[in-house]
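One-letter residues, chain by chain:
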Amino acid sequence: MSYHCRQCSYRGNRLDERGYCPACGSPDIHIGGRAAVKPPPKPRKRQLVLVIALWVIFAGLLAYKLVS
Ligand SMILES: [Zn+2]
């Protein structure tokens, strides 16, 4: 099994006791070419868009109230 750190480009056959990079301590390690730490799932981006849309609507209503 080989490991590849994505933070400091460490390559080697062992990690520290926590399974992190022994060179820089990062958990962002590739194991045998596969990502050990999965990137966060994408659906959150949709939630963020929804929250921003609601804020825009709220700001629009507030501006409308202030103008009228
Ligand atoms: Zn590292």
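Keep in mind it's a predicted model, so treat the numbers as computed, not measured.

Undergrad: Where do I start with unusual backbone geometry in this structure?
TA: A negative phi holds for most residues other than glycine; trans holds for most peptide bonds. A positive phi is found at Ser9, a non-glycine position, where the angle reads about 60°. By the secondary structure assignment, Ser9 is in the loop between strand E1 (3-5) and strand E2 (11-12). Among the residues examined, Ser9 registers a relative accessible area of 52% and is labelled exposed.

Undergrad: What is the right way to look at the coordination of the zinc ion in this model?
TA: Geometry sets the ideal angles at a metal, namely 109.5 degrees for four tetrahedral donors and 90 or 180 degrees for six octahedral donors. Taken together, Cys5 (SG), Cys8 (SG), Cys21 (SG) and Cys24 (SG) make up the protein donors of the zinc ion, found 2.2 to 2.3 Å from the metal. Classification of Cys24 by relative accessible area gives partly exposed; the value is 39%.

Undergrad: I'm lost on the pattern of salt bridges in this one. Help?
TA: Between side chains of opposite charge, pairing is possible as soon as their charged atoms come close. According to the stated counting rule, one finds two salt bridges in the structure shown. Among the salt bridges present, the one from Arg6 reaches Asp28, with a minimum N-O distance of 3.2 Å. Here Asp28 lies in the loop between E2 and strand E3 (29-31) and Arg6 lies in the loop between E1 and E2, a separation of 22 residues in the sequence. We classify Arg6 as partly exposed; its relative accessible area is 45%. With a closest N to O distance of 3.3 Å, Arg18 and Asp16 form a salt bridge. Classification of Arg18 as exposed rests on a relative accessible area of 53%.

Undergrad: Would you take a moment to explain the environment of Cys21 for this structure?
TA: Along the chain, Cys21 falls in the loop between E2 and E3. We classify Cys21 as buried; its relative accessible area is 1%. Distance in space between the C-alpha atoms of Cys21 and Cys5 is 6.2 Å, their sequence separation being 16 residues. Not counting residues up to four positions away in its chain, the partners in contact with Cys21 are Cys5, Cys8, Tyr10, Leu15, Asp16, Ser26 and Ile29.

What counts, and at which threshold
- Residue positions are given per chain, counted from 1 along the sequence in the order it is written.
- With the structure being a predicted model, the display of local features is reserved for residues of pLDDT at least 70 and the display and counting of side-chain atom pairs for 80 or more, all residues being used for whole-chain, interface and lining totals.
- Just so you know, side-chain values use all the structure's heavy atoms and leave hydrogens and water out.
- Helix and strand definitions follow DSSP, with helices as H or I runs of at least four residues and strands as E runs of at least two, each counted in order from the N terminus.
- Only protein chains enter the calculation, and the probe is 1.4 Å; a residue is then buried if its accessible area is under 20% of its type maximum, exposed if over 50%, and partly exposed in between.
- Atoms are scored as donors when they are N, O or S and lie within 2.8 Å of the metal, with 3.2 Å used for Na, K and Ca; no water is included, so coordination may look incomplete.
- Within this document, salt bridges are pairs made up of a side-chain nitrogen of Lys or Arg and a carboxyl oxygen of Asp or Glu, the two lying within 4 Å of each other.
- Here, two residues are considered to be in contact whenever any of their heavy atoms come within 4.5 Å of each other.

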